Protein chains: 2
Amino acid sequence: MTGKLYGLGLGPGDPELITLKAHRILSAAPVVAYPAPDTGPSFARQIAAAHLSFHQVEVPIVVPMRVERFPAQEIYDEAAETLSRHLDAGLDVAVLCEGDPFFYGSFMYLFERLSGRYETEIVPGVSSMMAAAAALGRPLAARNDVLSIVPGPLDDETLRSRIDAAGAVAIIKVGRHFHRIRALIEAMGLTAHAGYVERVSLPEQRVLPLSAVAEDVAPYFSMILIYKGGEGWNASLAAENARHNGMTP
Amino acid sequence: MTGKLYGLGLGPGDPELITLKAHRILSAAPVVAYPAPDTGPSFARQIAAAHLSFHQVEVPIVVPMRVERFPAQEIYDEAAETLSRHLDAGLDVAVLCEGDPFFYGSFMYLFERLSGRYETEIVPGVSSMMAAAAALGRPLAARNDVLSIVPGPLDDETLRSRIDAAGAVAIIKVGRHFHRIRALIEAMGLTAHAGYVERVSLPEQRVLPLSAVAEDVAPYFSMILIYKGGEGWNASLAAENARHNGMTP
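Throughout what follows, the structure given in this document is the object of discussion. In this text, all values refer to a predicted model and were calculated from it rather than measured experimentally. (Residues numbered from 1 in each chain as written. Chains lettered and ligands numbered in written order. Predicted model: local features only at pLDDT ≥ 70, side-chain atom pairs only at ≥ 80, totals over all residues. Heavy atoms only, no water.)

Now for the pattern of salt bridges. Where side chains of opposite charge bring their charged atoms close, a pairing between them can arise. Residues and elements named next belong to chain B. All chains considered together, the criterion is met by 26 salt bridges over all chains. Put simply, K4 and E119 hold a salt bridge, and the shortest N to O gap is 3.6 Å. Of this pair, K4 sits in the segment before β1 (5-9) while E119 sits in the loop between α4 (107-114) and β5 (120-123), and the two are 115 residues apart along the sequence. Overall, K4 belongs to the buried group, its relative accessible area being 14%. Where E81 meets R85, a salt bridge forms, and the shortest distance between an N and an O atom there is 3.6 Å. Of this pair, E81 and R85 both sit in helix α3 (residues 73-88), four residues apart, roughly one helical turn. Using a relative accessible area of 52% as the deciding quantity, one classes R85 as exposed. (Salt bridge = Lys/Arg side-chain N within 4 Å of Asp/Glu carboxyl O. Helix = DSSP H or I, 4+ residues; strand = E, 2+ residues; numbered from the N terminus. Buried < 20%, exposed > 50% of the residue type's maximum accessible area, 1.4 Å probe, protein only.)

A few words on the packing of aromatic side chains. The description of an aromatic ring pair rests on the distance of the ring centres and on the angle between the ring planes. All names here are of chain A. Under the defined criterion, the tally for this structure stands at 16 aromatic pairs over all chains. When the centroid spacing of 5.3 Å and the interplanar angle of 75° are considered together, the rings of Y220 and F221 count as edge-to-face. Since its relative accessible area comes to 40%, F221 is described here as partly exposed. An aromatic cluster is built from F43, Y220 and F221, whose rings are joined through pairwise contacts. (Phe/Tyr/Trp six-rings, centres within 6.5 Å; stacked < 30°, edge-to-face > 60°.)

Bringing the side chain of B:T191 into the picture now. Residues and elements named next belong to chain B. Assignment of secondary structure puts T191 in the loop between α7 (178-187) and β8 (194-198). A relative accessible area of 13% means that T191 is categorised as buried. Beyond its immediate sequence surroundings of up to four residues, T191 is in contact with I185, E186 and S211. (Contact = heavy atoms within 4.5 Å.)

Moving on, we come to the packing of helix α3 (residues 73-88) of chain A against helix α4 (residues 107-114) of chain A. Geometrically, a packed helix pair is captured by the angle between its two axes and the distance between the axes. All names here are of chain A. Remark: α3 packs on α4, axes separated minimally by 9 Å, with the N-to-C direction vectors making an angle of 55°. Between α3 and α4, the interaxial angle falls into the category oblique. Considering only the axes of α3 and α4, their crossing is right-handed. For the pair formed by α3 and α4, the contact residues are Q73, Y76, D77, A79, A80, L83 and S84 on the first element and Y109, L110, E112, R113 and L114 on the second. The class makeup of the residues in the contact of α3 with α4 is seven nonpolar, two polar and three charged. (Axes fitted to C-alpha atoms, helices over the stretch in contact; angles between N-to-C directions. Parallel < 35°, antiparallel > 145°, perpendicular 65-115°, else oblique. Left-handed = near helix turned anticlockwise from the far one by under 90°. Nonpolar A, V, L, I, M, F, W, Y, C, P; charged D, E, K, R; others polar.)

This is how it looks when you write it as structure tokens:
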């Protein structure tokens, strides 16, 4: 009897945004795995930390920072091999995932290696995109809006056409592309419609209109939301609301 | 001292997909409001039911079925008036929302009427879109994919161009447009890339390749996910996985 593999979405960072289901599974799993940088703490582990106990075997999957965006597949070959030894021993394995496991998550690399051989269950989580809209105090999308999620590393031409075609846009993986993306949004005349959220739901969260961001760089965990909706949403007003209405933790 | 308004995302339907935060707030709120049809139970209330007690005042916001898509704004004027009486009396009000409050949710109508006058907090929830990808056993989007969320009621030309331009697509609000949308996906040669999920995360959930759907109509709570990604995802294989791997509840 082999163990069961879980991909657990833990939400955007606030440990209270873990679901009851993920909480139950992560508290009980004999083996807990998570992505970890080569130096410093694992963000996924930090989200779950309060619910882990010393009875659990922990398996950090070390992904060197310099390749974090598209990590070498050998890392996942090796991790899958390690996890399969636990699964073969009949132990359930919970893989901790920031946000949602299948929304631009690295869990897919383990899923494609292991789900054919072991019973597997994905527990969806709260995405940082939903949390960013909550923090900005404005809808992500409404009615019959087309919402496009656009990774920031894409080239300007692609970004421009995708932003043009949608009523609402979430630009993810902003990070070191921030300066270029902001210039593009400005050139498109959309700055007044754009909100910026950094480290959403964490104590160090920042929420502000894009026009008010002083820096030229942004951390990896940052996002720009654009809403062109006809209902007069105003980025600075929304950010003001967010601050005054206690939407920053 | 006025009360605080909460917009609580309750997730796609499985009561265990409520977050710890939403659970804490909904258990303690003296007043609980939720959208309800003119006949039959409220889906949002059903998700939360196990955590409600008879001490709480319940405020159903009745939205007649025939206008459920874009309800008359007078309904929300009246609901805001009712909730403001509780808030003025110093009572916190939790508005229960299916999925995530700001992802195509009707909570925005109350938010725009009340957030300027009362302290307001949005608690993001697990979206049915993330739950659908989990149920299908395939990533929603990965790497630098553009993911577009496209409401099914849009016309064929708009649907076609948005599906063309994205690497991954979630078609929401499928319902009575199912037949037309399936024909369009077939004409675009994308049927083999499309998965269908109905009433995700509920006991009556159905997960299957689009090609295997026998009916010509779909319920309101259904979704089609298309993934064109280069990594050889196969809709029927994924649905097979989903079934065999216990991803159906």
